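These are the residues of each chain, in order.
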Amino acid sequence: MKEKLWGGRFSKALNKEANDFNSSLSFDCKMYKEDILGSIAHAKMLGECSIIPLDESVTIINGLKQILEEIENNKLQFDFELEDIHTQIEKWLIEKVGEVGKKVHTGRSRNDQVALDLRMYLKNETENIKSLLLNLISVLISIQKENTKTYMSGYTHLQRAQVITFAHYLGAYVEMFKRDFERLNDAYKRIDVMPLGAGALACSTYNIDNKKTAETLNFKNVMLNSLDAVSDRDFVIETEADLSIIMMHLSRFSEELILYSTSEFKFIEFDDEFTTGSSLMPQKKNPDILELIRGKTGRVYGNLFSILTVMKSLPLAYNKDMQEDKEGIFDSLKNVENCLSILPNVLKTMKINKENMLNSVNEGFLNATEVADYLVRKGIPFRDAHGISGRLVVYCINNNKNLSSLSIEEYKKECSLFEDDIYSFITPEAQIANKTMLGSPNENAVLEVIKINENWLDNNKMS
């Protein structure tokens, strides 16, 4: 059995089955770079603060740099019998530089070390997901620009409701993904706290300068309480929650696009590159990519509930339960990144069937509200106008007509205030044009919002 960092207290080696059960190297090896960079910064601080001789600090740093290079060039292979990534890196270091390598752990514990590694890893991954969100938003905006006059049905309760445009529809998801970006931006502030120096739970007797380490590692803040620094994972929980919200938005969007691609809607058609077929039915063209995005949402939700459950009753400070903080967040990050990477390509290659969208507008009495609004402009209270419009809809249904095909005489039978201008008031174009406020589907309003969001994109790409 391999020597443990904590083995001095024990007279027996850990049982092999227990060792395998206890080991986290199979998944925390993902943080090798963060562990090495964190150790380099720690060794640098130890030397500069004269806690260890400066020449030994330099030896340790050079050894760690060589290890990082060798891992990335596949010259070193992880030994999964070891307990964790910290043990593995320290073992390699001692093999490379000798006994001086053991001094790298001076003034720290694996408790603050793993908290550091995880925070560094999440900082990098959060930035990556933010970049992917910006790309998705950019693709949505480019499609919006081409569809400000693409009329389609807007729905409530999955029933046709009012006329919107495809640009306006996509704009709803632009706003959702912007908020997702901003949530991650906000969560980053709470990830960006350097815990090294907390030790196991109560800091170190060495005169450690953790502000110097934080500066080296580009952390904005340092921990203010050593117990909290090693024993909480709310920054993981918050990131998991933000990732779950992203997946919820991706799943809703995927669900609608799947519906819109069916024969019943025919609003859009996905490119062959992003669809699959059936082994039995030759005619099938299945939106499997979007279905997988929708399906992977459950995994991310599950990871959120898992870490919440792990943390719900842990006494301070560190407990081994907290080893369960990594696999879930690693899985969530991977799935969110994969979904955000592939969706823009699905969107850029899909065909938009503008004629079918327009046909849906001309069915289902989407202009019934406009009929009521017309009467309100004539001085009738909306509640009464609503009733008149509703009775006209019933009349149309019973006589196989629509509101645009009714004669003016039929309109006047219900209310004498109708005039010939009713027809120009209830066209799809008029329904959109008459709604002028910012946030409406009106073309000018949508174009103004696109400019606002392009500026938002530019500002966040620079930050």
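Bear in mind the structure is a predicted one, so any value in this text is a computation, not a measurement.

Q: How would you explain the pairing of strand S1 (residues 151-156) if you had to name every residue and give the values?
A: In terms of strand pairing, S1 meets strand S2 (residues 159-165) through six bridges, oriented antiparallel. Counterpart to Tyr-155 in the pairing with S2 is Arg-160.

Q: So what about the pattern of salt bridges? Which residues, and what values?
A: Pairs can form between side chains of opposite charge whenever their charged atoms are close. Taken as a whole, this structure holds 29 salt bridges when the rule is applied. The residue Glu-443 makes a salt bridge to Lys-149 at a minimum N-O spacing of 3.9 Å. You can see Glu-443 sitting in helix H19 (residues 443-462) and its partner Lys-149 sitting in the loop between helix H6 (110-145) and S1, a full 294 residues away along the chain. Looking at Lys-149, the relative accessible area reads 57%, which means it is exposed. Residues joined by salt bridges that share partners form a network here, namely Glu-83, Asp-84, Arg-110 and Lys-320.

Q: An account of a nonpolar patch on the surface is needed here, citing residue identities and associated values.
A: A cluster of nonpolar side chains, Leu-201, Leu-227 and Leu-316, forms an exposed patch at the surface whose accessible area comes to about 270 Å². Tracing the backbone shows Leu-316 in the loop between helix H11 (288-311) and helix H12 (326-349).

Q: Give me the environment of Ser-341: which residues, what numbers.
A: Along the chain, Ser-341 turns up in helix H12. Residue Ser-341 is classed as partly exposed on the basis of its relative accessible area, which comes to 38%. When the C-alpha positions of Ser-341 and Asn-111 are compared, they lie 34 Å apart, and in sequence the two are 230 residues distant.

Q: How would you explain the packing of H11 against H12 if you had to name every residue and give the values?
A: Remark: H11 packs on H12, axes separated minimally by 10 Å, with the N-to-C direction vectors making an angle of 160°. The angle between H11 and H12 falls in the class roughly antiparallel. For the crossing formed where H11 meets H12, the hand is left-handed. Taking contact as the criterion, the partners of Ile-289, Leu-290, Ile-293, Lys-296, Arg-299, Val-300 and Asn-303 in H11 are, on H12, Gly-328, Asp-331, Ser-332, Asn-335, Val-336, Cys-339, Ile-342, Leu-343 and Val-346.

Q: Summarise the nonpolar core; cite the residues concerned and give the values.
A: Counting 67 residues, the largest nonpolar core has Tyr-169, Leu-250, Phe-253 and Leu-347 as its most contacted members. Among the secondary structure elements, those contributing two or more residues to this core are H6, helix H7 (166-191), helix H10 (234-260), H11, H12 and H19. Looking at which element gives the most residues to this core, the answer is H6, with 14 residues. Judged by nonpolar contacts, the second largest core, of 24 residues, contains Leu-25, Ile-71, Ile-89 and Trp-92.

Q: Any details on the packing of aromatic side chains? Residues and values, ideally.
A: Within the structure shown, the criterion is met by 21 aromatic pairs. A ring pair is formed by Phe-78 and Trp-92, whose centres lie 5.6 Å apart and whose planes are at 40°; its orientation type is tilted. Linking Phe-78 in the loop between helix H4 (54-72) and helix H5 (85-97) with Trp-92 in helix H5, this pair joins segments that are 14 residues apart in sequence. When its relative accessible area of 21% is taken as the criterion, Phe-78 is described as partly exposed. The class of Trp-92 is buried, set by a relative accessible area of 8%. On the numbers, 6.3 Å between centres and 35° between planes, the contact of Tyr-173 with Phe-177 is tilted. Here Phe-177 and Tyr-173 lie together in helix H7, a separation of four residues that amounts to about one turn. Here Tyr-173 and Phe-177 have matching classes, each one buried. Here a set of aromatic residues connected by ring pairs shows up, and it is made of Tyr-155, Phe-166, Tyr-169, Tyr-173, Phe-177, Phe-253, Tyr-260, Phe-265 and Phe-267. The ring of Phe-330 has Lys-30 sitting right over it, with the charged end atom 5.7 Å from the ring centre.

Q: So what's going on with unusual backbone geometry? Which residues, and what values?
A: Excluding glycine, a negative phi dihedral is what most residues carry, and trans is how most peptide bonds are arranged. Each neighbour pair has its own omega, and for Leu-316 with Ala-317 the value is 5°, a cis peptide bond. Structurally, Ala-317 is set in the loop between H11 and H12. Its identity is not glycine, yet Leu-158 carries a phi of approximately 60°, on the positive side. The exposure class assigned to Leu-158 is exposed, which follows from its relative accessible area of 58%.

Q: Just give me the short version of the side chain of Asp-28, but keep the residues and values in it.
A: Residue placement: Asp-28 occurs in helix H2 (residues 25-28). For Asp-28, which is buried and forms no salt bridge, the nearest opposite charge comes from Lys-326, at a distance of 5.5 Å. Among the polar contacts listed, one links the side chain of Asp-28 to the backbone nitrogen of Ile-85, at a separation of 3.1 Å. Among all residues touching Asp-28, those that are not within four sequence positions of it are Asp-84, Ile-85, Lys-326 and Phe-330.

Q: So what about the packing of helix H3 (residues 32-48) against H4? Which residues, and what values?
A: Packing of H3 against H4 leaves a shortest axis separation of 8 Å and a crossing angle of 170°. The pairing of H3 with H4 is recorded here as roughly antiparallel in orientation. For the pair formed by H3 and H4, the contact residues are Tyr-32, Lys-33, Ile-36, Leu-37, Ser-39, Ile-40, Ala-43, Lys-44, Gly-47 and Glu-48 on the first element and Leu-54, Ser-57, Ile-60, Ile-61, Leu-64, Lys-65, Ile-67, Leu-68, Ile-71 and Glu-72 on the second. Residue composition of the contact of H3 with H4, grouped by class: 12 nonpolar, three polar and five charged.

Q: Talk me through the side chain of Asp-84; I want residue IDs and the actual numbers.
A: In this structure, Asp-84 sits in the loop between H4 and H5. Reaching out from Asp-84, the side chain makes a polar contact with the side chain of Thr-87 at a distance of 2.7 Å. For Asp-84, the contacting residues outside a window of four places in its chain are Ser-24, Leu-25, Asp-28 and Arg-110.

Cut-offs used in this document
Residues numbered from 1 in each chain as written. Predicted model: local features only at pLDDT ≥ 70, side-chain atom pairs only at ≥ 80, totals over all residues. Heavy atoms only, no water. Pairing = 2+ DSSP bridges. Helix = DSSP H or I, 4+ residues; strand = E, 2+ residues; numbered from the N terminus. Salt bridge = Lys/Arg side-chain N within 4 Å of Asp/Glu carboxyl O. Buried < 20%, exposed > 50% of the residue type's maximum accessible area, 1.4 Å probe, protein only. Patch = residues over 30% accessible without salt bridge, like charges linked within 9 Å, V, L, I, M, F, W, Y side chains within 5 Å. Areas by Shrake-Rupley, 256 points an atom, 1.4 Å probe, with all protein chains shown as cover. Axes fitted to C-alpha atoms, helices over the stretch in contact; angles between N-to-C directions. Parallel < 35°, antiparallel > 145°, perpendicular 65-115°, else oblique. Left-handed = near helix turned anticlockwise from the far one by under 90°. Contact = heavy atoms within 4.5 Å. Core = buried A, V, L, I, M, F, W, Y, C linked by side-chain atoms within 4.5 Å. Phe/Tyr/Trp six-rings, centres within 6.5 Å; stacked < 30°, edge-to-face > 60°. Lys NZ or Arg CZ within 6 Å of the ring centre and 35° of its normal. Lys, Arg positive; Asp, Glu negative; His and termini not counted. Polar contact = N/O pair within 3.5 Å; in protein donor to acceptor, adjacent residues only side chain to side chain. Nonpolar A, V, L, I, M, F, W, Y, C, P; charged D, E, K, R; others polar.

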